[in-house]
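Here is how the chains run, residue by residue.
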There are 2 protein chains.
Amino acid sequence: MSALDECQAARGEAARTCLMPALYLLPSTMADGKVTDVLPARAIEVARTVRHFVVENIRTARRFLKRLDPSIDISALSFTVLDEHTAPDDIPPMLAPLAGGEAVAVVSEAGCPAIADPGADLVAAAQRRGYKVVPLVGPSSIILSLMASGFNGQSFAFSGYLPVEPAARSARLKEMTRRIRHERQTQIFIETPYRNRRLVEELVAALPPEMLLCVAVDITGPSESIITMPLSGWKRALADGSAPLGKIPAIFLLFS
Amino acid sequence: MSALDECQAARGEAARTCLMPALYLLPSTMADGKVTDVLPARAIEVARTVRHFVVENIRTARRFLKRLDPSIDISALSFTVLDEHTAPDDIPPMLAPLAGGEAVAVVSEAGCPAIADPGADLVAAAQRRGYKVVPLVGPSSIILSLMASGFNGQSFAFSGYLPVEPAARSARLKEMTRRIRHERQTQIFIETPYRNRRLVEELVAALPPEMLLCVAVDITGPSESIITMPLSGWKRALADGSAPLGKIPAIFLLFS
């Protein structure tokens, strides 16, 4: 009898809480606030039921699970770290519970796993071996900011951080401008929080004043602010101090 | 006294259900299944509370709200249609309740509003007038398929439908291949369901056999399947009939 069959036999009506053996991708909160504001009941149910977790940081993952449900018995769970220091050979063994008919969940530090974190390597390993991969709904700063920007969502690109080296950075901004104009492609990128203000100053100086910039800060958090203005408007907001560009996580979108 | 103040005064402890005047972007379900599988409690709460809705199709929007909460009094709600036939001048008046201190919600036909539907024009109008825009968490086939693909999520582009005209289509596939190779950018696109199989046959014929294709069908639905294989593997799956390419909504991702 498989773990799933046993579970279903034991639980009858509640068999829905029996998880099929799959790699579940479990989003995490991105900001302070209620967990139920950003996670559907199904994601919370999976988090409560899975016993094997792959995480970037064990301490924050434990804290997240306790926030989800204070009654969770953390000591009964297994946690394996997958971060940028993990050797490639150490990744496939993290899928071992699947072979035994048990579920494994990947949790990211913030937002959707396997989008901008090492979880993608584990997903790729699961796909190569033909294991089922189940993504769960949760907050994505990329999609939430795109929705609220008013920009083209039929064509968009996310490119992570801008290059730091000045010539490469300038070339990237030029190419993004070209893709906005010729492909009507919304350009989305991020910056380390303490450089938010400098980045906007730089965009104001480098790009045409009529180009539209959307800055989304503290998405899903208590000070959430998602504002679209032409760069000429951002220039004024920088000058009069009204630009909401504190040292908190932000995401930037350009379009025209 | 504003509508928000009145509501808060009247409800006391339950003041959380009083909505500030903002344009709420309310995702909808994408497939059959429980609403609580894909929408957080907060999104359901907002849907129950808002009185002014902007929708693509009134009948499906009403059905969606009834599925969310059968006790909702649909007759007390206002519905305004925003679709591809809406004249640009008819869009700003849809924001009128905001000036009166009331909330407005945009609901899409499936998934996240204002990503690939006319809702983006209403969001742009709200941003131009300085109204608050609040995106709510829900299912996005783009993000869910990207999470489960195992592909690069640090850099990706969604480009909607491929061009239909053969020369433009071939040029687009060539440019996507270039961006995968030179920018390590995951390429995401869609196709009308009845052409799923033909599209995969076309990709198998046009692109190198080692390139990776992820096909995600019926995301969040009962027959959800998200499979990544090299094109050589898809070729075999097409031949032996094991490729899950029914006439249901699918999204396609390429990477190498």
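1. A look at empty space enclosed by the protein
Enumeration over the complete set of coordinates arrives at 5 cavities of 30 Å³ or more. Here the largest cavity is characterised by a volume of approximately 90 Å³. Around the largest cavity, the lining comprises 16 residues; the ones closest to its centre are Gly138(A), Ser140(A), Ile143(A), Gly138(B) and Ser140(B). Going through the elements one at a time, α6 (141–149) of chain A together with α6 (141–149) of chain B are the ones with two or more residues in the lining of the largest cavity.

2. As for the side chain of Arg42(B)
Residues and elements named next belong to chain B. Note that Arg42 resides in helix α2 (residues 41–49). Accessibility expressed as a relative area gives 16% for Arg42, which makes it buried. A distance of 2.7 Å separates the side chain of Arg42 from the side chain of Glu45, its partner in a polar contact.

3. What about helix α9 (residues 231–240) of chain B?
Side chains that are three or four residues apart share a direction in an α-helix, a result of its 3.6 residues per turn. Residue and element names in this part refer to chain B. Those residues of α9 lying buried are Leu231, Gly233, Trp234, Ala237 and Leu238. Seen along its axis, α9 keeps its buried residues to an arc of 150°; they face one direction. Within α9, the exposed residues directed more than 90 degrees away from the buried face are Lys235, Arg236, Ala239 and Asp240. Downstream of α9 by one or two residues, Gly241 has phi in the positive range, about 75°.

4. A few points about the sheet that holds strand β8 (residues 212–217) of chain A
In space, the 10 strands of this open sheet follow the order β9(A)-β8(A)-β10(A)-β7(A)-β6(A)-β6(B)-β7(B)-β10(B)-β8(B)-β9(B), with mixed pairing throughout. Strands at the two margins of the open sheet, each flanked by one partner only, are β9 (225–230) of chain A together with β9 (225–230) of chain B. Within this sheet the neighbouring strands show an average axis-to-axis angle of 15°, counted without direction. Bridge analysis of strand β7 (residues 186–190) of chain B against strand β10 (residues 250–255) of chain B gives 4 bridges, and the strand direction is antiparallel. Looking at β10(B), one finds that Ile188(B) is bridged to Leu253(B).

5. A look at the sheet that holds strand β1 (residues 23–26) of chain B
Residues and elements named next belong to chain B. Overall, parallel pairing links the 5 strands, which are arranged β3-β2-β4-β1-β5 in an open sheet. Bordering the open sheet on either side are β3 (78–81) and β5 (133–135), each of which pairs with just one other strand. Mean inter-strand twist for the sheet, computed between neighbouring axes without regard to direction, equals 25°. In this sheet, strand β4 (residues 104–107) lies alongside β1 in parallel orientation, the contact comprising 4 bridges. Bridged to Leu26 within β4 is Val107.

6. A few points about the interface of chain B and chain A
Taken together, the contact pairs 55 residues of chain B with 55 residues of chain A. Summing the contributions of chain B and of chain A, the shared interface buries around 4200 Å²; its carbon and sulfur component is 55%. The three residues of chain B that bury the most area against chain A are Ile115(B), Gln127(B) and Met147(B), which together make up 16% of that side's buried surface. For the interface between chain B and chain A, the tally reads 2 salt bridges. Among the ionic pairs, Arg179(B) bridges to Glu183(A), the shortest N-O distance being 2.6 Å. The interface formed by chain B and chain A includes 22 residue pairs in polar contact (both at pLDDT 80 or more). Mapped onto the side of chain B that touches chain A, the elements with two or more residues apiece are α2, α5 (119–128), β5, α6, β6 (156–161), α7 (166–183) and β9 of chain B. Among the elements that take part in the side of chain B that touches chain A, α6(B) stands out by supplying 7 residues, more than any other. A per-class count over the side of chain B that touches chain A returns 32 nonpolar, 13 polar and 10 charged.

How each quantity is defined
Residues numbered from 1 in each chain as written. Chains lettered and ligands numbered in written order. Predicted model: local features only at pLDDT ≥ 70, side-chain atom pairs only at ≥ 80, totals over all residues. Heavy atoms only, no water. 1 Å grid on protein atoms, 1.4 Å probe; cavity = no way out; pocket = protein on both sides within 12 Å on 5 of 7 lines; lining within 4 Å. Points joined across faces, edges and corners; volume = space filled by probe spheres on them. Helix = DSSP H or I, 4+ residues; strand = E, 2+ residues; numbered from the N terminus. Buried < 20%, exposed > 50% of the residue type's maximum accessible area, 1.4 Å probe, protein only. Polar contact = N/O pair within 3.5 Å; in protein donor to acceptor, adjacent residues only side chain to side chain. Arc of directions from axis to C-beta. Pairing = 2+ DSSP bridges. Axes fitted to C-alpha atoms, helices over the stretch in contact; angles between N-to-C directions. Contact = heavy atoms within 4.5 Å. Buried area = accessible area lost by both parts, 1.4 Å probe. Salt bridge = Lys/Arg side-chain N within 4 Å of Asp/Glu carboxyl O. Nonpolar A, V, L, I, M, F, W, Y, C, P; charged D, E, K, R; others polar.

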